[in-house]
Amino acid sequence: MHKKIIFTLFLTIALLSCKTSKDLTYLKDMNDQELQDHLPQKPAEYRIKQNDNLYVKIITQNAEVNNLFSLNPTTTTYAGTQQQSVSDPSSQFINGNIVDQKGEITLPILGKVKVEGLTVPEAQDTINKTAGEYLKEYIVQVRLMSFKITMLGEFRSPGVLYNYNNYITVLEAISRAGGVTDFSILNKIMVIRTTPMGYKSFKVDLSSKKLLASEVFYLQPDDLIYAGPDKNKNISLNATTYSMLLSSITTLLVIMQFFRR
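Note that the structure is a prediction, hence the values are computed from the model and not measured.

Criteria and cut-off values
Residues numbered from 1 in each chain as written. Predicted model: local features only at pLDDT ≥ 70, side-chain atom pairs only at ≥ 80, totals over all residues. Heavy atoms only, no water. Helix = DSSP H or I, 4+ residues; strand = E, 2+ residues; numbered from the N terminus. Buried < 20%, exposed > 50% of the residue type's maximum accessible area, 1.4 Å probe, protein only. Contact = heavy atoms within 4.5 Å. Areas by Shrake-Rupley, 256 points an atom, 1.4 Å probe, with all protein chains shown as cover. Polar contact = N/O pair within 3.5 Å; in protein donor to acceptor, adjacent residues only side chain to side chain. 1 Å grid on protein atoms, 1.4 Å probe; cavity = no way out; pocket = protein on both sides within 12 Å on 5 of 7 lines; lining within 4 Å. Points joined across faces, edges and corners; volume = space filled by probe spheres on them. Pairing = 2+ DSSP bridges. Axes fitted to C-alpha atoms, helices over the stretch in contact; angles between N-to-C directions. Salt bridge = Lys/Arg side-chain N within 4 Å of Asp/Glu carboxyl O.

Asks: Explain the overall build of the chain here, please?
Replies: Regarding its fold elements, the chain presents eight helices and ten strands. Going through the 261 residues of the chain one by one, you find that 34% of them count as buried. In the chain, once contacts between residues fewer than 6 apart in sequence are set aside, the share between residues at least 24 apart is 63%. Entry remark: accessible area of the chain is about 16,100 Å², with carbon and sulfur atoms responsible for 57%.

Asks: Looking at this model, I keep getting lost on the side chain of Thr60. Mind explaining?
Replies: Among the secondary structure elements, Thr60 is positioned in the loop between strand 1 (53-59) and helix 3 (63-68). The exposure class of Thr60 is buried, given its relative accessible area of 5%. Of the polar contacts made by the side chain of Thr60, one reaches the backbone oxygen of Asn62; its length is 3.1 Å.

Asks: What is the right way to look at the layout of surface pockets in this model?
Replies: In this approach a probe as big as a water molecule rolls over the atoms, and the regions it shows empty are the leftover space. Taken as a whole, the largest pocket holds about 720 Å³ of empty space. What lines the largest pocket is a set of 32 residues, and nearest its centre among them are Tyr46, Phe147, Asn165, Asn166 and Tyr167. Elements with a contribution of two residues or more to the lining of the largest pocket: helix 5 (120-131) and strand 5 (139-144).

Asks: Is there a simple way to think about unusual backbone geometry in this case?
Replies: Its identity as a non-glycine residue notwithstanding, Asn51 has a phi of 75°, on the positive side. Structurally, the position occupied by Asn51 is in the loop between helix 2 (32-37) and strand 1. Phi at Ile109 takes a positive value of approximately 70°, unusual for a residue other than glycine. When you line up the elements, Ile109 lands in the loop between strand 3 (104-107) and strand 4 (111-114). On the basis of relative accessibility, which here comes to 45%, the residue Ile109 falls in the partly exposed class.

Asks: Can you walk me through the sheet that holds strand 7 (residues 159-162) in this structure?
Replies: Pairing between sheet strands relies on hydrogen bonds along the backbone, with the strands arranged either parallel or antiparallel. Sheet architecture is open: five strands sit in the order 7-6-10-8-9, paired in mixed fashion. Sheet topology places strand 7 and strand 9 (198-204) at the edges, where each strand pairs with a single neighbour. Ignoring strand direction, the axes of neighbouring strands in this sheet form an average angle of 20°. Sheet topology note: the strand 8 (residues 184-195)/strand 9 ladder contains seven bridges and is antiparallel.

Asks: Please clarify how the pattern of salt bridges should be interpreted in this entry.
Replies: Where charged atoms of side chains with opposite charge meet at close range, the side chains can pair. This structure, assessed with the given rule, holds eight salt bridges. A salt bridge links Lys148 to Asp222; the nearest nitrogen and oxygen atoms lie 3.0 Å apart. Here Lys148, found in strand 6 (residues 148-153), pairs with Asp222, found in the loop between strand 9 and strand 10 (224-229); they are 74 residues apart in sequence, far enough to count as distant. Assessed through its relative accessible area of 30%, Lys148 is described here as partly exposed. Under the relative-accessibility criterion, Asp222 is labelled partly exposed at 28%. Here Arg193 makes a salt bridge to Asp223, at a shortest N to O gap of 2.7 Å.

Below, the structure is given as C-alpha cells:
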C-alpha cells in the first residue's frame, strides 16, 4: 500500500514538471507551404518621437570643419573616418542628440532642426539640406540609437537588447535573448508598447502562424516583451526537494517494516 502511494507521488511530480517538445514548438500549426503564403508584410517605417536619441555625423574632407559640426570633436578625415563608439548606453548618451519636447535636436552650427514625426531617412535628408547652406562637399549620417527592447520573464538571457538595424522582429528579439525557457507558455507572451495614448498591451502566441500577421511581429523602440511562467514552475523547481523528501519517507517506511517483523 505504501509503495503504491510513493509511486503515485513520484509519477505526479514527474508529469507536472515535464513538458513535451510540442509545448515548446514555434509556429507549430504551419507547414512549409503555409510559411511561404504567410510571409509578414514589410514593417512600417518608424517615425521619430520625443526623447529619441539620434546619432548625427557630418563629414567633410577638412578635419577642422568636421570638429565644428561635431558634438564631440575627433581627428576625423573624409578618407579615413574615425567614428565615435556608440556600442554602449553611456557613449550613446554622450554622442547622441536627444529629441526635445518641441520635437527638435540642437546641432553645432546648424542650430535647432525639427525631426519629430520624420523617418530616419527623412531626418537625414532634412539635416542634409540644412548643412548645404554652410557646406559644399559633405556626407550626413543619421542613426537611431535609442532602439532598445526589454526582455523580461522566462527567457534564457533576459535584459535590454539594443537594435542597430531599421527593424527587428519579435522572433529575432527572443532569439537574441537566448530563446524561452522550459517554463514559458508560448501562447501567452505579452508585448507592452508605448503609444501617444499611453501603454498598450498585446497578447502574442508564438506557437501559431497568426503571429506573422500580428501588429507587433515587427517591434518598435521601447517595446517590452514579457514571458510569464507556467503554473507548474514551482513544482518543477522543487522537484529535487520533493524527490529527496519522498526518498526519506520511503527509507523510513522500509525501516518501520523491518522492525515490525
